[in-house]
Amino acid sequence: MERVSAFDEPLRKLLGGATAKVMAEHLDLHTVGDLLHHYPRRYEERGRLTALTDLPLDEHVTVVAQVADARVLTFNGGRGRRLEVTLTDGHGRLQLVFFGHGVHKPHKELLPGRRAMFAGKVSVFNRKLQLAHPTYQLLDVEDTDEAAEAVDAFAGRLLPIYPACKQIDSWRIAKAVDTVLPSAQEAVDPLPPALREGRGFASLPEALLKIHRPQTKADIALARDRLKWDEAFVLQVALARRRYTDSQLPAVARRPRPGGLLDAFDAKLPFTLTEGQRKVSGEIFGDLATEHPMHRLLQGEVGSGKTMVALRAMLGVVDAGGQAAMLAPTEVLAQQHHRSITEMMGELAEGGMLGGAEQATKVVLLTGSMGAAARRHALLDLVTGEAGIVIGTHALIEDKVKFHDLGLVVVDEQHRFGVEQRDALRSKGKQPPHLLVMTATPIPRTVAMTVFGDLETSVLDQLPAGRSPIASHVVPARDKPHFLSRAWERVREEVGSGHQAYVVCPRIGDDADDEAADGKPKPKKKTAGDGKQAAGGADDAGSAGEDGEKRPPLAVLDIAEQLARGPLDGLRVEILHGRMNPDDKDGVMRRFAEGKVDVLVATTVIEVGVNVPNATAMVIMDADRFGVSQLHQLRGRVGRGSAAGLCLLVTEAHEASPARARLSAVASTLDGFELSRIDLEQRREGDVLGQAQSGVRSSLRVLAVIDDEEVIAAAREEATTIVSADPELEHLPELRTALDALLDKEREQYLDKG
């Protein structure tokens, strides 16, 4: 155990309290092991200057560059002083600015021709990129002890540039790493020796040494190959153990009886299932027929017919004497599912009612806002088994909800539920029920293997016949206000042709609404052009005010009012958002579905499941405030009937910005899998996996989910083989130790994801 303890040593013992506190609070690094696994993001070679041409705005960066020019300017009638330093790397230029008392030291040290490492947050001032009050370390002078030390430390070597933050620079992290690096020799190697030798990997101590202090580029490649494999392998072992444990659980096999509810439903379908739906249904019914719980992820494009596949599975379970529960993330979606399922089933959903078919069952809805009487009825139908199918929100999870014999749980839009909620519903079965998880967010194969590695995956990538194409266009409201005017004309044209439209905004706009689309608090201070004429496009609805602060996202209440008084005057415009009374929400959706509303101005509450085939146009305001997958989901609400769909992405983002590139990508393809790959590239994996693996600390560091498909697939294969032979890893104590470092016992179950 002595060997493990060096990695568990708290950083404060070696680095001192102040540095350790900053590392813990801002970088989530607490132990020697954490710091040794905090790998450099990239490396600088001495003699080669960093490109300043592609610095990311609003990010904390570290650059190595040369001073081209430095001058002190005065302002406020000579009372204020400002030092402006221009850096160059031969390709681009970057301005540094220092104010007040912070001017003296850099004024003496940052002389033209001097070379240094600078760290700070990239901002824009007067249309130029700049770093305000950056920290720096001189690299090429020897008239001070510190500078000489820096030169010695980095001479002839690759400079590691670490992921840093405002509170601690890359080179301070590098110094801290130097302090703990001797402990790398005590690293416990998680890879079984046969696997490591068979694949020709470096030892873990050697890999850690070479990733932090490489002598050559070959050292970096060797270290990355090894550490990448570790990440993939340890995670896949955790997932393989999860799958193995689940495969040992008992479940009731649910085989549909011939001539039952499922056959009756299939006989009355007005269309034939797509080949994809038949294939996926076959996989699901195969799982349901076994005496171990199904754990299957059903992913399909928006509109690929997932609900139909899930409904047939639910009917099959009811045929076999069980009950099925569908868990939806919002009341609007639960009501929508209830409505569409009862419509699809017709008299088969009227069990125990006059006019109900012989094989019929009851389909009940259970949500938190139901009246007491309706709720009592629903609960009674569940506990007696009268209701074969229940559709609900989180209300299904409450303790007082009891089932007669829960056989199947269908979770819609998996990423919106925490694992505890999913487990709470599963625990309501006498034995673990079968589980089908659905998502309309296409997930690249590698992410499915990594994030949902404990679930078998089925993919529906065929659209049913009759679905229409959707044309998507970016509307640059800032650069071309007349494009926005034309967008509203297009909406009027669609309504004039007998169709309907959605207008989506990131925010509600009422007093309680203090969150933007990204879930972050919106700026309290409003700036000039706060969307006052956003609907008309007549002003700069200006992103930033003088202080550079972004205006709040556009709001449903404001935009609906502007549209009704302005460009959509005379049309029937209504609003829908999450804080409305549930009956009002349902009323609006019913009127919209019945064609009594021309334009629905809504938040993302319509993102999933809402199905109105007559809605052909969608205008998404502030589209750059939404993620790629979310835009793809929203767009899927139009083009659901025989008429072609139109989606207009309105933005004030500059043409060269990453936000515009993202919107152009969404407009250029309807392939959700391609978009999810783009989304992943832009957000990077740590984000995606950090959220999905709630409970797994720090997720991925060197493994790139997009590029490393082969590594992940091979690691999954090796992990499955090892776990089948030794489920408890009794003969691989080092691997068990590594697993414990990745997940403690409670966290292991979080690989059930939410």
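Criteria and thresholds
Residues numbered from 1 in each chain as written. Predicted model: local features only at pLDDT ≥ 70, side-chain atom pairs only at ≥ 80, totals over all residues. Heavy atoms only, no water. Salt bridge = Lys/Arg side-chain N within 4 Å of Asp/Glu carboxyl O. Buried < 20%, exposed > 50% of the residue type's maximum accessible area, 1.4 Å probe, protein only. Core = buried A, V, L, I, M, F, W, Y, C linked by side-chain atoms within 4.5 Å. Helix = DSSP H or I, 4+ residues; strand = E, 2+ residues; numbered from the N terminus. Contact = heavy atoms within 4.5 Å. Pairing = 2+ DSSP bridges. Axes fitted to C-alpha atoms, helices over the stretch in contact; angles between N-to-C directions. Parallel < 35°, antiparallel > 145°, perpendicular 65-115°, else oblique. Left-handed = near helix turned anticlockwise from the far one by under 90°. Nonpolar A, V, L, I, M, F, W, Y, C, P; charged D, E, K, R; others polar.

Asks: Teacher, can you tell me more about the pattern of salt bridges here?
Replies: Side-chain pairs of opposite charge can arise whenever the charged atoms involved come near each other. This structure, assessed with the given rule, holds 31 salt bridges. E9 is paired through a salt bridge with K13; the nearest N and O atoms lie 3.4 Å apart. The closest approach of N and O atoms between R71 and D69, which form a salt bridge, is 3.7 Å. By relative accessible area, which is 45% here, R71 ends up partly exposed. For D69, a relative accessible area of 32% puts it in the partly exposed group. In this structure, a network of salt bridges that share partners links the residues R486, E489, R490, E493 and E494.

Asks: How should the nonpolar core be read in this particular structure?
Replies: General note: in soluble globular proteins, nonpolar side chains tend to be found buried as a group. In terms of nonpolar packing, the biggest core is built from 39 residues, with M345, I389 and L408 touching the most fellow members. The greatest single-element share of this core, amounting to nine residues, is contributed by helix α13 (residues 306–319). Residue contacts for I389: discarding those within four places in its chain leaves L311, M314, L315, V318, A324, M345, K362, V363 and V364.

Asks: What am I meant to see in the sheet that holds strand β16 (residues 470–476) here?
Replies: Spatial ordering of the open sheet is given by β16-β21-β20-β17-β19-β18, a layout of six strands whose pairing is parallel. Here the strands that pair on one side only, and so sit at the sheet edges, are β16 and β18 (573–576). Neighbour-to-neighbour, the strand axes of this sheet turn through a mean angle of 20 degrees, independent of strand direction. Here β16 runs beside strand β21 (residues 645–651); their pairing, made up of seven bridges, is parallel. Bridge pairing in β21 places V475 opposite V650. Against the sheet, helix α21 (residues 628–635) contacts β16, β17 (500–504), β20 (615–620) and β21, and its axis sits at roughly 150 degrees relative to β20.

Asks: What is the right way to look at the packing of helix α14 (residues 331–345) against helix α20 (residues 582–593) in this model?
Replies: How two helices sit against one another is set out by the angle between their axes and by the gap between those axes. One way to put it is that α14 packs onto α20 with a least axis distance of 10 Å and a crossing angle of 50 degrees. Taken together, the axes of α14 and α20 lie oblique to each other. Relative to α20, α14 is oriented so that their crossing is right-handed. Mapping the contact onto sequence places E331, V332, Q335, Q336 and R339 in α14 and P582, K585, D586, M589 and R590 in α20. For the contact of α14 with α20, the class distribution of residues is three nonpolar, two polar and five charged.

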